[in-house]
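Structural overview for review
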Amino acid sequence: MKPDHGSALSTGGSAADGVKGTSALLGSEGSAPALADGPAEGLIVAVDGPGGSGKSTVARELARRLGLRYLDTGAMYRAVTQLALERRIDIEDPQAVAELAERAVLSVGTDPDEPTIAVDGVGVDAEIRTRAVTNAVSAIAAVPAVRARLVAQQRQVIAAARPGGIVVEGRDIGSVVAPDAQIKVFLTASTEVRALRRSRQLGEKGVDDVARTLAELDRRDALDSSRAADPLAIPEGAIVLDSTALSVPEVVDEVLRRCGQSSNVTT
């Protein structure tokens, strides 16, 4: 049965009603199940990778094809970042940022066709995709207390997705948030292609715009890969795919092929 994608989970000062526990880590690390008979109950698919690698688009399509819910964990960090910028919180002050994240109530919609994120009841889906948020989010995400807070909330969302299952994407899903996910995918692509994709997302087409984005991606890659708390890394047992020369359907087909399922999955 296809899950009710329209549901949302609010996470803030306390766990949402109806969510039992904060963790739903399933399966065996380092192995992917044979999916020939359809997705397993409670299936967790972890999709990790740097910005511009295509993980959001691929993760959403995987969720559609497998009939699962979808969670963009990066949107949660972006939502806290947007709130910090809006309230003029010093993003280099870990204590102030941690206190902000502790008070913020995030509401996450898990429909892969229309994922949503709200802070304190206010939708911020457009606001979190600005260049200002993109350039500040690594500083927010590097604060250990913020990561601990949001990882706990992400595990609540995963638990709430049972028994149908969920595709979760970010930078530490297969290694930290859901290390026992049955399927782990790590997407990468050349920095140049990633910069071009990100510039297109921002509606920019000029050579100077792409060059600026390229420099920003290099900076963020360095910050995300070197942070002390949960750095960006390839999870053990992950399917590693370079999406530089692949279309989204080709990447999705390859993930499903490697998991033993034909590429004509219907939900």
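Above this note sits the structure.
A short tour of the structure in this document, coming up. Along each chain, numbering runs from 1 in the same order as the chain's sequence is written. Local features in this predicted model are restricted to residues whose pLDDT is 70 or higher, and side-chain atom pairs enter the listing and the counts only when it is 80 or higher, whereas totals over whole chains, interfaces and linings include all residues. Side-chain numbers come from the whole structure's heavy atoms, not from hydrogens or water.

The next point concerns the nonpolar core. For the purposes of this section, nonpolar cores are sets of buried Ala, Val, Leu, Ile, Met, Phe, Trp, Tyr and Cys residues that join through side-chain atoms within 4.5 Å. Accessibility here uses a 1.4 Å probe with only protein chains present; expressed as a share of the type maximum, an area under 20% marks a residue as buried, one over 50% as exposed, and anything in between as partly exposed. Leu106, Ile117 and Val146 are the most contacted members of the largest nonpolar core, which has 39 residues in total. Ranked by residues supplied to this core, first place goes to helix α2 (residues 73-86) with seven residues. Any pair of residues with heavy atoms lying within 4.5 Å of one another is described as a contacting pair. Once you skip the residues sitting within four places of it in the chain, valine 146 turns out to touch Tyr77, Val97, Ala98, Ala101 and Ile140. In this structure, Leu68, Leu187, Ile239 and Val251 belong to the second largest nonpolar core, which totals 21 residues. Counting from the N terminus, the helices are the DSSP runs of H or I reaching at least four residues and the strands are the DSSP runs of E reaching at least two.

Bringing a negative patch on the surface into the picture now. Taken together, the side chains of Glu86, Glu114, Asp125 and Glu127 define an acidic patch exposed on the protein surface. Among the structural elements, aspartate 125 can be located in the loop between β6 (122-123) and α4 (131-141). A relative accessible area of 34% places aspartate 125 in the partly exposed class. In this scheme, patches are assembled from residues that exceed 30% relative accessible area and form no salt bridge. Like charges are connected within 9 Å, while nonpolar side chains (Val, Leu, Ile, Met, Phe, Trp, Tyr) are connected within 5 Å. In this description, accessible areas are obtained by the Shrake-Rupley approach with a 1.4 Å probe, and a residue is regarded as covered only by the protein chains that are shown. Salt bridge, as used here: a side-chain nitrogen of Lys or Arg that lies within 4 Å of a carboxyl oxygen of Asp or Glu. A residue counts as positive if it is Lys or Arg and as negative if it is Asp or Glu; His and the chain ends are not included. In this description, the location of a charge corresponds to atom NZ of lysine, CZ of arginine, CG of aspartate or CD of glutamate.

Moving on: the layout of surface pockets. Unoccupied space between atoms shows up once a probe the size of one water molecule is rolled over them. The volume enclosed by the largest pocket comes to roughly 960 Å³. Any residue outside Ala, Val, Leu, Ile, Met, Phe, Trp, Tyr, Cys, Pro, Asp, Glu, Lys and Arg is labelled polar, Gly included; the first ten of those are nonpolar and the last four are charged. Of the residues in the lining of the largest pocket, the class split is 16 nonpolar, 16 polar and 16 charged. The method works on a 1 Å grid over the protein atoms by themselves. A cavity is a set of points holding a 1.4 Å probe that cannot get out, a pocket is an open set with protein on both sides within 12 Å along at least five of seven lines, and residues with an atom within 4 Å of a point line them. Grid points are joined across faces, edges and corners, and a volume is the space filled by probe spheres set on the points.

Evaluated as defined, the whole model comprises ten salt bridges. A salt bridge links aspartate 253 to arginine 65, with the nearest nitrogen and oxygen atoms 2.8 Å apart. Here aspartate 253 is found in helix α9 (residues 248-258), whereas its partner arginine 65 is found in helix α1 (residues 55-66), with 188 residues between them in sequence. Where aspartate 72 meets arginine 129, a salt bridge forms, and the shortest distance between an N and an O atom there is 2.9 Å. You can see aspartate 72 sitting in strand β3 (residues 69-72) and its partner arginine 129 sitting in the loop between β6 and α4, a full 57 residues away along the chain. Using a relative accessible area of 39% as the deciding quantity, one classes arginine 129 as partly exposed. Beyond isolated ion pairs, a larger network of salt bridges with shared partners links Glu61, Arg64, Arg65, Asp113 and Asp253.

Under this scheme, a helix contributes an axis fitted over its contacting stretch, all axes are lines through C-alpha atoms, and angles between N-to-C directions fall in the 0 to 180 degree range. Contact geometry of α1 with α9 gives a least axis separation of 10 Å together with a crossing angle of 60 degrees. Relative to α9, the element α1 lies oblique. In the packing of α1 onto α9, the handedness of the crossing is right-handed. Contacts between α1 and α9 involve Thr57, Val58, Glu61, Leu62, Arg65 and Leu66 on the former and, on the latter, Val248, Val251, Val252, Asp253, Val255 and Leu256. Its residues assigned to classes, the contact of α1 with α9 shows eight nonpolar, one polar and three charged. What sets the label is the angle itself: under 35 degrees gives roughly parallel, over 145 gives roughly antiparallel, 65 to 115 gives roughly perpendicular, and the rest give oblique. Left-handed describes a crossing in which the near helix is turned anticlockwise from the far one by less than a right angle; the clockwise case is right-handed.

Purely geometric stuff here, so don't read any function into it on its own.
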